[in-house]
Amino acid sequence: MNLVMSKLKLVTIKTFVRLSRDLDDNYLLSMSLDCDADYLITGDPDLLLLHQFGKTKVVNMSEFLKVIE
């Protein structure tokens, strides 16, 4: 948790993405793009099926925990 909390930053969404099959999820992709995120951690199957969006890897929590171990 400390690792995640130390990396948080405020992001103003400027880019509007329309890629997810669930339109309500697109703001997360926009945010990932605008903050140059390495990972988008989610349990949402609509986002997980993307696997990667630009440089952002879309993973679930168990996959992310393996990365940071």
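Our subject in this report is the structure included herewith. Being a predicted model, the structure only gives us computed values, none of them experimental. (Residues numbered from 1 in each chain as written. Predicted model: local features only at pLDDT ≥ 70, side-chain atom pairs only at ≥ 80, totals over all residues. Heavy atoms only, no water.)

### Regarding the overall build of the protein
The helix and strand inventory of the protein stands at four helices and three strands. Each helix (α) and strand (β) of the protein, taken in turn from the N terminus, gives the series α-α-β-α-β-β-α. Here the C-alpha radius of gyration of the protein, 12 Å, is about what a compact globule of 69 residues would show, namely 11 Å. Projected onto the principal axes, the alpha-carbon positions of the protein cover approximately 35 × 25 × 20 Å. When each of the 69 residues of the protein is scored for burial, the buried share is 29%. In the protein, of all internal contacts separated by at least 6 residues, the share reaching a separation of at least 24 is 21%. (Helix = DSSP H or I, 4+ residues; strand = E, 2+ residues; numbered from the N terminus. Rg over C-alpha atoms; globule rule 2.2 N^0.38 Å. Buried < 20%, exposed > 50% of the residue type's maximum accessible area, 1.4 Å probe, protein only. Contact = heavy atoms within 4.5 Å.)

### Focus: the environment of D25
Turning to its location among the elements, D25 is positioned in the loop between helix 1 (2–7) and helix 2 (26–34). Residues D25 and D44 lie 19 residues apart in sequence; the distance between their C-alpha atoms is 8.8 Å. For D25, the contacting residues outside a window of four places in its chain are S20, D44, D46 and L47.

### A look at the sheet that holds strand 2 (residues 52–53)
Here we have three strands laid out as an open sheet, ordered 1-3-2, and mixed in their pairing. Each having just a single partner strand, strand 1 (39–41) and strand 2 make up the two edges of the open sheet. One ladder, built from two bridges, connects strand 2 with strand 3 (residues 56–59); its direction is antiparallel. When the bridges of strand 3 are listed, F53 appears paired with T56. In the packing of helix 2 onto the sheet, the strands contacted are strand 1, strand 2 and strand 3, and the crossing angle to strand 1 comes to about 150 degrees. Of the strands in this sheet, strand 1 and strand 3 touch helix 4 (residues 61–68), which is tilted by about 135 degrees from strand 1. (Pairing = 2+ DSSP bridges. Axes fitted to C-alpha atoms, helices over the stretch in contact; angles between N-to-C directions.)

### Focus: the pattern of salt bridges
A full pass over the atoms with the stated rule returns three salt bridges. A salt bridge links R21 to D46; the nearest nitrogen and oxygen atoms lie 2.3 Å apart. In this pair, R21 sits in the loop between helix 1 and helix 2 while D46 sits in helix 3 (residues 45–48), placing the two residues 25 residues apart along the sequence. Notably, a salt bridge pairs K55 with D36, separated by 3.8 Å at the nearest N-O pair. Taken together, the residues span a long stretch of sequence, with K55 in the loop between strand 2 and strand 3 and D36 in the loop between helix 2 and strand 1 at a distance of 19 residues. (Salt bridge = Lys/Arg side-chain N within 4 Å of Asp/Glu carboxyl O.)

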